[in-house]
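What follows is each chain in one-letter form.
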Amino acid sequence: MKTRLILVLIFSFFVFNLDAQTKIKKRDINRINDQAEEAFYNEDYRKALSLYQQLFQMNPEGSDYYNYQIALCYLYSNIDNEKAMTYIDMAKESMAETPVTDFYYYNLGKSYHLNNKYEDAINSYQQALDIGVEDDELKKEIEMQIRICRNAIEITKKPLEV
């Protein structure tokens, strides 16, 4: 009887401890997420990048969102445009089904564009337009980026001899 009571107490302690650890982890994730969002909002992309990478390690369930945010940090800070393209591509499946799909395709196009993948950039920009961009400024920006990519394709066909 004593053994059973001791086992129940030990089991209860472990369950309580596990629940407490889960609550602490969720609190830490929320705190770090708030810091990351604030840094991103304030255009401190290097700090936001570090925090989103930390969140990715702590909470793999949110990986698509964190991949997208990591991609944007790389993209907007010009730290590493190839990594921006890689991370934004990894988030494609889930981000392509959200209310900001047009903005996702714009950023995907931008990442291709910065990596000199002009045809892919044009296709992504066009997907954003095909979805139906509601923001007139964004629509004009996308149309301009498509023209820039087409010009870049023409220019790279005829390199200058130096």
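Above this text is the structure in question.
Described in the following lines is the structure provided in the data block. (Residues numbered from 1 in each chain as written. Predicted model: local features only at pLDDT ≥ 70, side-chain atom pairs only at ≥ 80, totals over all residues. Heavy atoms only, no water.)

### Quick word on the side chain of Ser 124
Mapped onto the secondary structure, Ser 124 falls in helix 7 (residues 118-131). Not counting residues up to four positions away in its chain, the partners in contact with Ser 124 are Tyr 105, Leu 108, Gly 109 and Tyr 112. (Helix = DSSP H or I, 4+ residues; strand = E, 2+ residues; numbered from the N terminus. Contact = heavy atoms within 4.5 Å.)

### Observations concerning helix 7
Here helix 7 spans 20 Å end to end across 14 residues, near enough to the 20 Å set by a 1.5 Å rise per residue. Among all positions in helix 7, only Tyr 118, Ala 121, Ile 122, Ser 124, Tyr 125, Ala 128 and Leu 129 are buried. Angular distribution of buried residues about the axis of helix 7 spans 165 degrees; they occupy a single face of the element. Among the structural elements, helix 6 (101-114) and helix 8 (136-157) are those in contact with the buried residues of helix 7. (Expected span 1.5 Å × (residues − 1). Buried < 20%, exposed > 50% of the residue type's maximum accessible area, 1.4 Å probe, protein only. Arc of directions from axis to C-beta.)

### Remarks on the environment of Asn 59
Structurally, the position occupied by Asn 59 is in the loop between helix 2 (45-58) and helix 3 (63-77). Separated by 33 residues in the primary sequence, Asn 59 and Lys 26 have C-alpha atoms spaced 9.2 Å apart. Every residue in contact with Asn 59, bar those within four places of it in the chain, is listed here: Ile 29 and Tyr 66.

### Brief notes about the pattern of salt bridges
Applying the stated rule across the entire model yields two salt bridges. A salt bridge links Asp 28 to Arg 31; its shortest N-O distance comes to 3.8 Å. Note that Asp 28 and Arg 31 are positioned in helix 1 (residues 2-41) at a spacing of three residues, about one turn of the helix. Note on Asp 28: relative accessible area 27%, which makes it partly exposed. Between Glu 154 and Lys 157 there is a salt bridge; the shortest N-O distance is 3.2 Å. Taken as a pair, Glu 154 and Lys 157 lie in helix 8 at a separation of three residues, close to a single helical turn. (Salt bridge = Lys/Arg side-chain N within 4 Å of Asp/Glu carboxyl O.)

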